[in-house]
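# Summary of structural features
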Amino acid sequence: MSDATGLAGKKIILGISGSIAAYKSAYLVRLFVQAGAEVRVLMTTGATHFITPLTLSTLSKHEVWTNVLNEQGWNNHVELGLWGDAFLIAPATANTLAKMASGQSDNVLVAAYLSARCPVFIAPAMDVDMWFHPSTQRNLQQLIADGVEVIPAEHGELASGLIGMGRMAEPPHILENLRGFFRRENPLQGKKALVTAGPTYEPIDPVRFIGNHSSGKMGVAIAEALARAGAATTLVLGPSKLDPKHPLLKVIRVQTAQEMYDAAQAVHAGQDICVLAAAVADYAPTQAATQKIKKKDGDLTLTLHKTVDIAASLGAKKRPGQIHVGFALETENETTHAREKLVKKNFDFIVLNSLNDPGAGFNHDTNKVRFLFPDNKAIDFELKSKQAVAADIVQQLVHLVQK
Ligand code: PMT
């Protein structure tokens, strides 16, 4: 699950235009795939004279598009443009640069470029005089102004036999450029995070349990945001309908407080960040009946025992450098109760949500929270989606990690 390459799960669109350097694109695809990225290849007609689409589809394990049209209709370059996390054009010839700079979309590569919303990288390749020609330099300047990142051409022997600028950057160098970009995008790259989420169900008998209204939405949003920020994330999830997926996310499903504790404490020591967002039952039946309890005259008395406090127990073992974030779900004297939990459970900050705020707490798609810190500082947020609350929490975590 850990992402040593910084490219695991990343979606790369690779556009190849017609240069002798196109033969290096096969190696480039291989490097991306080995690093865990998914690659979709687009080629200009010129590129197909230098390397076959079959080679690239075999390496990328996806069909390669060489045309906007196909036998059934058209290749949906708009959808592809929106799919990518990054669009790399390597090699980018003088002709392709000119088309990109002027928006002339008469091939599938430039059509997809115009549709792409992700960052675009070009690795130019051409002969030295073409490289230094004012029109090429003008087009490059235009592309830089349009937000395209140039992976500079290198100096060396060219296909013409001349020595000079214009060689496409070597594939490992191109890979390193994209890795650097994703590192900047993924501030928690290399970190490990643990999140507890959802309710717990404490069995009374085989058909009944003590539970609560937690849907898991808040904790799942946090786990997904941590994974998107590059952290290898373990989500210990109580009974929830949600089914989150991300290459950096490992989901461990549990039912009871004890199971949640066992799963969390087994991985706790290796974590950099722990976010305890679960609504854990505080009491559980001391003895769950093995058969369904039959209805009888009179009342039924259940004996409950206190469950393990996961946050407090892990908080007591917190090692220097580890960051623990907790939640407080309150109905009265909210800030006072939350502050008590902040101290008692050894949190670095606590996220308070109150059932008195409309749209906050259990099951809503929104939440309204207040962050409370040990130095008495507090930050209030307006009502927003649970995804946006998760982004605020991750931003605060990045700040603490980098401190
Ligand atoms: O899942 P959703 O429907 O999206 O709802 C989100 C939420 C309301 C469940 C969430 O935002 C939230 O507030 N989670 C914590 C709920 C809670 O149980 O709060 P508490 O004040 O009782 O617990 C304080 C802290 O101790 C929490 O971090 C909790 O995870 C932790 N705890 C509590 C008891 C226990 N036995 N073990 C714990 O780890």
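Note that the coordinates shown come from a computational prediction; the quantities given were computed from them, not determined experimentally.

A few words now on the overall build of the chain. Secondary structure assignment for the chain yields 14 helices and 21 strands. For a compact globule of 403 residues, the expected C-alpha radius of gyration is about 22 Å, and the chain comes in at 27 Å, more than 25% above that figure. In terms of principal-axis extent, the alpha carbons of the chain reach across some 95 × 50 × 35 Å. Of all 403 residues assigned to the chain, the portion counted as buried reaches 50%. For the chain, restricting intrachain contacts to residue pairs at least 6 apart in sequence, the fraction spanning at least 24 positions comes to 66%. Accessible surface for the chain amounts to roughly 19300 Å². Of this, 52% is attributable to carbon and sulfur atoms. Counting 40 positive and 38 negative side-chain charges, the chain places the centres of these two groups 4 Å from one another.

So, on to the pairing of strand β16 (residues 323-330). Counting buried residues along β16, seven of its eight residues qualify, which places the element largely inside the surrounding structure. Sheet topology note: the strand β13 (residues 273-276)/β16 ladder contains four bridges and is parallel. From the neighbouring strand, Val 275 faces β16, where its bridge partner is Val 325. Relative to strand β17 (residues 349-354), β16 runs parallel, the two being bridged by six bridges. What sits directly across from Val 325, in β17, is Phe 349.

Two numbers describe how helix α10 (residues 217-228) lies on helix α14 (residues 386-402): the axes approach to 8 Å, and their chain directions differ by 50°. Put simply, α10 runs oblique to α14. In this structure, α10 crosses over α14, and the sense of that crossing is right-handed. Here Lys 217, Met 218, Ala 221, Ile 222, Ala 225 and Leu 226 of α10 lie close against α14, whose contacting residues are Lys 386, Gln 387, Val 389, Ala 390, Ile 393, Val 394 and Leu 397. For the contact of α10 with α14, the class distribution of residues is 10 nonpolar, one polar and two charged.

So, about the site of the ligand. Among the 28 residues in the neighbourhood of the ligand, the closest are listed as Ser 215, Leu 276, Lys 341, Asn 353 and Asn 363. Taking Met 218, its main chain carries an N or O atom lying 2.8 Å from an oxygen atom of the ligand. Ala 311 is positioned with one of its backbone polar atoms (N or O) 2.9 Å from an oxygen atom of the ligand. Only α10, α12 (310-316) and β16 provide two or more residues apiece to the shell around the ligand. Of the residues forming the shell around the ligand, the biggest block, four residues, is contributed by β16. The class makeup of the residues in the shell around the ligand is 13 nonpolar, nine polar and six charged.

Quick look at the side chain of Ser 115 now. Tracing the backbone shows Ser 115 in helix α6 (residues 108-115). Those residues in contact with Ser 115, other than ones at most four positions away along the chain, are His 77, Val 78, Gly 81 and Leu 82.

Turning to the domain arrangement of the chain, a few remarks are in order. The domain boundaries assigned to the chain delineate domain 1 (3-183) and domain 2 (192-288 + 298-401). Spacing between the C-alpha centres of domain 1 and domain 2 amounts to 44 Å.

Moving on to the environment of Tyr 113. Along the chain, the position of Tyr 113 falls in helix α6. Spatially, the C-alpha atom of Tyr 113 lies 9.0 Å from that of Gly 103, the residues being 10 residues apart in sequence. Leave out the neighbours within four places in its chain, and Tyr 113 touches Phe 87, Met 100, Val 120, Leu 143, Asp 146 and Val 148.

Attention now moves to helix α9 (residues 171-185). With 15 residues, α9 should reach 21 Å at 1.5 Å per residue; the first-to-last C-alpha distance of 21 Å fits that figure. Within the span of α9, buried status applies to Pro 171, Ile 174, Leu 175, Leu 178, Arg 179, Gly 180, Phe 181 and Phe 182. On its buried face, α9 is in contact with β1 (11-16), α1 (24-34), β3 (86-92) and β4 (120-124).

A few words now on the pattern of salt bridges. In the structure shown here, the tally under the stated rule is 15 salt bridges. Here Arg 179 and Glu 176 are joined by a salt bridge, their closest N and O atoms 3.0 Å apart. Of this pair, Arg 179 and Glu 176 both sit in helix α9, three residues apart, which is roughly one turn of the helix. Relative accessible area serves as the criterion here: at 15%, Arg 179 is assigned to the buried category. Here Arg 253 makes a salt bridge to Asp 243, at a shortest N to O gap of 3.7 Å. Of this pair, Arg 253 sits in strand β12 (residues 249-253) while Asp 243 sits in the loop between β11 (232-237) and β12, and the two are 10 residues apart along the sequence. The exposure class assigned to Arg 253 is partly exposed, which follows from its relative accessible area of 44%.

With 37 residues, the main nonpolar core has Ile 222, Leu 226, Val 275, Phe 349, Ile 393 and Leu 397 as its most contacted residues. Counting only elements with at least two residues in this core, the list comes to β8 (192-197), α10, β11, β13, β16, β17, β19 (369-372) and α14. The biggest single contributor to this core is α10, with eight residues. In this structure, Ile 222 is in contact with Val 195, Val 275, Ala 277, Phe 327, Ala 390, Ile 393 and Val 394, ignoring residues within four places of it in sequence. Counting 34 residues, the second-largest nonpolar core is a separate cluster that includes Ala 37, Phe 121, Ile 174 and Phe 182.

Definitions and limits used
Here the residue numbers are simple positions, counted from 1 along each chain's written sequence. Restriction of local features to residues with pLDDT of at least 70 applies here, the model being predicted, together with a cutoff of 80 or more for giving and counting side-chain atom pairs; totals for whole chains, interfaces and linings are based on all residues. The side-chain figures draw on all heavy atoms in the structure; neither hydrogens nor water molecules are used. Here a strand is any run of E in DSSP of at least two residues, a helix any run of H or I of at least four, and the numbering for each starts at the N terminus. What the globule rule says is 2.2 Å times the number of residues to the power 0.38, and the radius of gyration is computed from C-alpha atoms. Each residue is placed in one exposure class: buried if its accessible area under a 1.4 Å probe, protein chains only, is under 20% of its type's maximum, exposed if it is over 50%, and partly exposed if it falls in between. Here, two residues are considered to be in contact whenever any of their heavy atoms come within 4.5 Å of each other. Accessible surface area values rest on a Shrake-Rupley calculation with a 1.4 Å probe, where residue burial reflects the displayed protein chains alone. None of His or the chain ends enter the tally, which takes Lys and Arg as positive and Asp and Glu as negative. A charge is said to be at NZ when it belongs to Lys, at CZ for Arg, at CG for Asp and at CD for Glu. Pairing between two strands is assigned when DSSP locates at least 2 bridges connecting them. Axes, fitted as lines to C-alpha atoms, cover a helix only where it is in contact. Angles between the N-to-C directions of the axes lie from 0 to 180 degrees. The labels follow the angle: roughly parallel below 35 degrees, roughly antiparallel above 145, roughly perpendicular from 65 to 115, and oblique for the rest. Throughout, a crossing is termed right-handed when the near helix is turned clockwise from the far one, and left-handed when it is turned anticlockwise from it by less than a right angle. The residue classification treats Ala, Val, Leu, Ile, Met, Phe, Trp, Tyr, Cys and Pro as nonpolar and Asp, Glu, Lys and Arg as charged. All others, Gly included, are polar. We call a residue near a molecule or strand as soon as one heavy atom of that residue lies within 4 Å of the molecule or strand. Definition of a polar contact: a pair of N or O atoms within 3.5 Å, with one able to donate and the other able to accept a hydrogen when the atoms are protein atoms, and with sequence-neighbouring residues admitted only if both atoms are side-chain atoms. Segment limits for the domains were obtained from an automatic or database-derived domain assignment. Multiplying 1.5 Å by the helix residue count minus one yields the expected span of that helix. Salt bridge, as used here, is a side-chain nitrogen of Lys or Arg placed within 4 Å of a carboxyl oxygen of Asp or Glu. Here, the term nonpolar core denotes a set of buried Ala, Val, Leu, Ile, Met, Phe, Trp, Tyr and Cys residues that are joined through side-chain atoms within 4.5 Å.

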